[in-house]
Amino acid sequence: MNMNRRQAMAMSAGAVIFASTGLSSTGALASAEDVDKAMMELAGGKMPEAGKVSLTAPEIAENGNTVPISVEVDSAMADGDMVESITIYADGNPNPDVVTFNFSALSGTAMAATRMRLAKTQNVVAVAKMADGSTYMDKKEVKVTIGGCGG
Amino acid sequence: MASKPRVKVPKTAAAGEVITIKTLISHNMESGQRKGKDGNLIPRQIINKFTAEFNGQQVFSADMHGAISANPYMEFTAKVDESGTFKFTWVDDDGSVYEADSEIAVS
Amino acid sequence: MLSGWLFRTKETRALEADSFQNPGMLGIEQGEAIWNTVEGSEGKSCATCHGDAAESMKDIGAHYPKWDASANRPINIELQINKCREERMGAEPYAFDKGGQKPLTAFIRHQSLGTPVSVDLSQGEMQKWWDQGKELYYTRYGQLNLSCASCHEANAGKYIRADHLSQGQTNGFPTYRLKQANLISLHNRFRGCIRDTRAEMPKAFSDELMALEVYVAWRGTGLTVETPAVRQ
């Protein structure tokens, strides 16, 4: 019984410590609606279609400060089949904008990878814009674990 | 800048080959969302633009926001038809520009 | 005996294993620049005496801490650097975690990448310090009443809230932590762990933490040096 109480104390005390050492946010976070709005704008007033673009992100991020992501569109990247850009959004960050990758005829493929920050568990969205103006999207939920032993 | 940018470009390639390029640069990427010890917001200072050119022509670029992690990493591809020089440029919010070059021999 | 690498996600493991992508390598390159920079009244850099670190420092870092007869206590890489700075270079010693201490320590240690860790307890009074370190390792501290062993021996492999507990090995230090996006020194990590038990933290390089370093490094005998490791 004593051990159980002690463990329970350790757990709750831990929660306090870890919550207070996390990145302090300025308040309001983005929402799925914000990302929808940004996507509509990018796509010229309609929602991008699902498909063509694939987003790779971990199911669980070990630390929200550094989350590896990669995106790719299956495209010939030659006349008539060109990807202009891929834009990444995160719907639970203070600002939904993450990055836009711009491709060219010299890109060879429409692939890019980077590392991003996630304030909490949320959806990461990739929107590919083709040279003909059509847009495609993919979405992945990334769980961000909070409550590790801070350094 | 704590250290030079790191870039990884193959030294040689066959004409028309699609190569993978990786870059890594030391930078805090201060997001503008964090509060300092005094309780005030730390102003944003990030690298907001990355560009890769080959023999003067743009290959790839990235417009970055505060959600890109510290020490930003970029991986992308390029199709090379001739020998030449890749030039990589990072632009800081404060106007600083960091550059790196890499040669490739194409046969 | 398991490296902390095995307790991390596949993404974090991959990040460490790719010597280009590993962001700790930025610190290694910074350390290399410091190695070649002249400082102090004697007009010397590390390279002036030690030449190419790839040769002179090869496998050296895998065997620290070791006995320092002149100081009559164990010495780690950080303190060895400070000793050189004061005695050979005529330069100010680095304060804990300041100046070039972390990148230079990591650069030296990186020259032992893949070398199995071993600590020579036969020199001087190393055995006595090992005994003290062991005593500390199993002593419960702080308001949470936790010893090192409570987490890293009795519960390694389990989760403490969202944190997957490792065996608390030292073979990857200085290590790049995703949380701080920076190199983190061993004594900083020791202090962080002790803080998390809600105890008073001993100073870096104090007798307590040097004894603990001797003992914990010994516990990892045979693990290969991973510096710069990547951890959460």
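Structure shown above.
Residues numbered from 1 in each chain as written. Chains lettered and ligands numbered in written order. Predicted model: local features only at pLDDT ≥ 70, side-chain atom pairs only at ≥ 80, totals over all residues. Heavy atoms only, no water.

(A) Focus on helix H1 (residues 10-17) of chain C. Burial in H1 of chain C covers these residues: Thr12, Leu15 and Glu16 of chain C. End-on, the buried residues of H1 of chain C take up no more than an arc of 95 degrees, which puts them together on one face. Opposite the packed face of H1 of chain C, turned more than 90 degrees from it, sit the exposed residues Lys10 and Ala17 of chain C. Residues of H1 of chain C that are buried make contact with strand E7 (110-116) of chain A together with strand E7 (230-231) of chain C. (Buried < 20%, exposed > 50% of the residue type's maximum accessible area, 1.4 Å probe, protein only. Helix = DSSP H or I, 4+ residues; strand = E, 2+ residues; numbered from the N terminus. Arc of directions from axis to C-beta. Contact = heavy atoms within 4.5 Å.)

(B) Representation of the interface of chain A and chain B in the model. Listed by partner, the interface residues are 29 residues for chain A and 32 residues for chain B. Both sides of the chain A and chain B interface together cover about 2,500 Å² of buried area, and 51% of this is carbon and sulfur. Scanning the region where chain A abuts chain B turns up 0 salt bridges. For the pair chain A and chain B, the number of links is 21 residue pairs in polar contact (both at pLDDT 80 or more). Listed by contribution, the elements that provide at least two residues to the side of chain A that touches chain B are strand E6 (97-103) and E7 of chain A. Looking at the side of chain A that touches chain B, the element that brings in the most residues is E6 of chain A, giving 7 residues. Tallied by class, the residues present in the side of chain A that touches chain B amount to 12 nonpolar, 14 polar and 3 charged. Here E7 of chain A runs beside strand E6 (residues 73-80) of chain B; their pairing, made up of 2 bridges, is antiparallel. (Buried area = accessible area lost by both parts, 1.4 Å probe. Salt bridge = Lys/Arg side-chain N within 4 Å of Asp/Glu carboxyl O. Polar contact = N/O pair within 3.5 Å; in protein donor to acceptor, adjacent residues only side chain to side chain. Nonpolar A, V, L, I, M, F, W, Y, C, P; charged D, E, K, R; others polar. Pairing = 2+ DSSP bridges.)

(C) Spatial organisation of the pattern of salt bridges. Applying the stated rule across the entire model yields 20 salt bridges over all chains. In this structure, Asp18 of chain C and Lys22 of chain B form a salt bridge, with 3.1 Å as the shortest nitrogen-oxygen distance. Of the two residues, Asp18 of chain C sits in the loop between H1 and helix H2 (24-35) while Lys22 of chain B sits in strand E3 (residues 17-24), which places them in two different chains. Two residues, Asp93 of chain B and Arg44 of chain B, come together in a salt bridge whose shortest N-O distance is 2.8 Å. On the criterion of sequence distance, the pair formed by Asp93 of chain B in the loop between strand E7 (84-92) and strand E8 (97-106) and Arg44 of chain B in the loop between E3 and strand E4 (47-54) is long-range, its members being 49 residues apart. Residue Asp93 of chain B is classed as partly exposed on the basis of its relative accessible area, which comes to 29%. Members of the salt-bridge network, linked through shared partners, are Glu16, Glu226 and Arg231 of chain C.

That's the geometry; what it means functionally is another story.
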